[in-house]
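Coordinates in review
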Amino acid sequence: MTLAEIINIHEKPLLELVFEAAKVHREHHNPREVQVSTLLSIKTGGCPEDCAYCPQAARYHTDVEAEAMMTLEEVKKSALVAKANGSSRLCMGAAWRNIEDGEDFDQVLEMVKTVNALDMEVCCTLGMMTEMQAKKLRQAGLYAYNHNIDSSNDFYKEIISTRTFDDRLKTIENARKADLTVCSGGIIGMGESVEDRCAMLLTLAQMDPQPESVPINGLVAVKGTPLEDQNQIPIWDMIRMVATARIVMPKTAVRLSAGRTAMSVEGQALCFMAGANSIFSGDKLLTTPNPSRNVDMEMFEILGLQPMESFAKGDRPADVKYVYTDQNDESKAIWERPKHRLERNVEYAKLGKKRRNEADTLKQ
Ligand code: SAM
Ligand code: DTB
Ligand code: SF4
């Protein structure tokens, strides 16, 4: 597969593209079933990275405050609610650059065990991860690891400077070495070109094996981030992206992810037609709004869709043979720490501070 081939697919007349994607979808999936995941932010805000889209980056002045990690009890309660509401997967997110061994990680391992025991698929998105950390998560019962490549290798440098595209690929490799399923996708609407979008799909499609799930996020432009003024992407862009992902990754679960509050039911219907077969459910993503469960259930009813059972695509993680401890950890990672160097973000952070100072003065 080449970039030119993917661009060719992406640029087909829209209805031909949707029709072709719908055919591929029906060959590999039950078109009535949609996998439903619930997101849970177990550690919100205060992140040291400079991802230009992210409301949780400490350096931007958004409404998100840094919070302490959730307790095991809180996680269990949220998981039970998610399960009762028809979610087959709980995805726990932390605003970390990478996993650090220690108390917090041990607590996450307990969370994973607890949710796995509820017969739910457990997914985590905790930033960069070593092979040993991945194996410990797997041993605790983790089913999937989410780590997005976010955009093309080229455009990545425009939105994040505190880590590299290759760092992202390395973590995905580590998840694979631990026998975890991989969830990796990206965001559209950050100012990238069609070529960047297709290059992102090419990187994902060339992974061997291809990711089991690929989230396609429409940028949620959050006030206080450098991307706050980005225009909402037209629904047609989302449909094209979903359809192209479906054609180049026929077996993957293509997840219609962030940005659904701005999409009509008709728009989402075309995305499902074009091969989307997963969503995030619940009125909150990690920190931003998402359609409520009732709104989504009404949409499912209208479209004749139903939520998928847990582990429909694979076995529940069985007990693994080995016990991974720090003693047998030969893979301690020293992640590269490129300097923060995105001029636009530096300027923006300054502007944010100025704005905050102005607001503070007004309050006095
Ligand atoms: N800190 C970890 C990391 O970066 O991998 C995990 C959490 S991070 C919030 C997970 C993903 O959420 C990001 O990779 C990005 O694709 C997505 N995301 C974050 N902010 C977003 C926004 N404003 N709009 C759309 N997607 C967003
Ligand atoms: C993914 O691709 N999208 C989800 C999940 N994986 C972790 C996160 C979307 C976050 C949107 C912004 C927020 O709510 O903070
Ligand atoms: Fe941190 Fe992840 Fe947000 Fe980047 S996307 S600022 S790494 S929480």
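The structure this text deals with has already been given above.
This text gives an overview of the structure that appears in the document. Just so you know, these numbers come straight off a predicted model, no measurement behind them.

About the thresholds
- Residues numbered from 1 in each chain as written.
- Chains lettered and ligands numbered in written order.
- Predicted model: local features only at pLDDT ≥ 70, side-chain atom pairs only at ≥ 80, totals over all residues.
- Helix = DSSP H or I, 4+ residues; strand = E, 2+ residues; numbered from the N terminus.
- Contact = placed C-beta atoms within 7 Å.
- Near = placed C-beta within 6 Å.
- Nonpolar A, V, L, I, M, F, W, Y, C, P; charged D, E, K, R; others polar.
- Buried ≥ 20, exposed ≤ 12 C-beta atoms within 10 Å, placed from the backbone.
- Axes fitted to C-alpha atoms, helices over the stretch in contact; angles between N-to-C directions.
- Core = buried A, V, L, I, M, F, W, Y, C linked by C-beta atoms within 7 Å.
- Parallel < 35°, antiparallel > 145°, perpendicular 65-115°, else oblique.
- Left-handed = near helix turned anticlockwise from the far one by under 90°.
- Right-handed = clockwise from strand over helix to strand, strands pointing away.
- Pairing = 2+ DSSP bridges.
- Expected span 1.5 Å × (residues − 1).

Considering the overall build of the protein
Broken down by element type, the protein carries 12 helices and 10 strands. Structurally, the protein occupies a C-alpha span of about 55 × 50 × 40 Å along its principal axes. Long-range contacts, defined as pairs at least 24 residues apart, comprise 81% of the intrachain contacts of the protein with a sequence gap of at least 6.

Observations concerning the site of ligand 2
Around ligand 2 lies a shell of 17 residues, among which Pro 215, Leu 285, Leu 286, Thr 287 and Thr 288 are the nearest. The class makeup of the residues in the shell around ligand 2 is 8 nonpolar, 9 polar and no charged.

Quick word on unusual backbone geometry
Excluding glycine, a negative phi dihedral is what most residues carry, and trans is how most peptide bonds are arranged. Put simply, Asp 208 and Pro 209 share a cis peptide bond, and its omega is 0°. When you line up the elements, Pro 209 lands in the loop between helix H8 (194-205) and strand S7 (213-218). The backbone phi angle of Asp 119 is positive, close to 65°, even though this residue is not glycine. Checked against the element boundaries, Asp 119 lands in the loop between helix H4 (103-116) and strand S3 (121-125). Judged by the 12 C-beta atoms lying within 10 Å of it, Asp 119 is exposed. Even without glycine at this site, Asp 179 takes up a positive phi of about 70°. Position of Asp 179 among the secondary structure elements: in the loop between helix H7 (165-177) and strand S5 (181-183).

As for the site of ligand 1
If you check the shell around ligand 1, you find 18 residues, and the closest are Thr 125, Asn 148, Asn 217, Val 220 and Ala 258. Per-class residue counts for the shell around ligand 1 are 10 nonpolar, 7 polar and 1 charged.

Quick word on the packing of H4 against helix H5 (residues 131-140)
Where H4 contacts H5, the axes come no closer than 8 Å and their chain directions differ by 35°. Residues Phe 105, Leu 109, Val 112 and Lys 113 of H4 form the contact with H5, whose own contacting residues are Gln 133, Lys 136, Leu 137 and Ala 140. Residues of the contact of H4 with H5, tallied by class, amount to 5 nonpolar, 1 polar and 2 charged.

Side note on the nonpolar core
Of all hydrophobic cores here, the largest spans 94 residues; its most connected members are Leu 90, Tyr 145 and Val 242. If one sorts the elements of this core by residue count, helix H9 (residues 235-248) sits on top with 8 residues. Setting aside residues up to four positions removed in sequence, Tyr 145 forms contacts with Cys 123, Cys 124, Ala 134, Ala 175, Leu 180, Val 182 and Cys 183.

A look at H5
Of all 10 residues that make up H5, 9 are buried, and the element is covered over most of its length. Within H5, the full set of buried residues consists of Glu 131, Met 132, Gln 133, Ala 134, Lys 135, Lys 136, Leu 137, Arg 138 and Ala 140. Packed against the buried residues of H5 are H4, S3, strand S4 (144-146) and H7. With its phi angle positive at about 115°, Gly 141 sits one or two positions after the end of H5.

Considering the packing of H9 against helix H10 (residues 265-273)
Put simply, H9 and H10 touch, their axes get as near as 8 Å, and they point 15° apart. Comparing the axis directions of H9 and H10 gives the class roughly parallel. Relative to H10, H9 is oriented so that their crossing is right-handed. Contacts between H9 and H10 involve Ile 235, Met 238, Ile 239 and Val 242 from the first element and Gly 267, Leu 270 and Cys 271 from the second. Grouping the constituent residues of the contact of H9 with H10 by class yields 6 nonpolar, 1 polar and no charged.

So, the pairing of S7
Most of S7 is tucked away, with 6 of its 6 residues classed as buried. Regarding topology, H8 serves as the crossover connection from strand S6 (residues 186-188) to the parallel S7, and that connection is right-handed. Sheet topology places S7 next to strand S8 (residues 253-256); 4 bridges connect them, and they run parallel. Paired with Ile 216 across the bridge in S8 is Leu 256. The handedness of the S7 to S8 crossover, carried by H9, is right-handed.

Digging into the pairing of strand S9 (residues 276-281)
Of all the 6 residues making up S9, 6 are buried; the element is thus mostly covered by neighbouring parts of the structure. Two elements, strand S1 (residues 33-43) and S9, share 4 bridges in a ladder whose sense is parallel. Residue pairing in the sheet places Ser 37 in a bridge with Phe 280 of S9. Relative to S9, S8 is paired through 3 bridges, and the arrangement is parallel. Bridging from a neighbouring strand, Val 254 pairs with Ala 276 of S9.

Considerations on H9
The end-to-end C-alpha distance of H9, which contains 14 residues, comes to 20 Å, matching closely the 20 Å that a straight helix rising 1.5 Å per residue would cover. Burial of H9 is extensive: 11 of the 14 residues sit out of reach of the surface. Turning to H9, its buried residues number three or more, namely Met 238, Ile 239, Arg 240, Met 241, Val 242, Ala 243, Thr 244, Ala 245, Arg 246, Ile 247 and Val 248.

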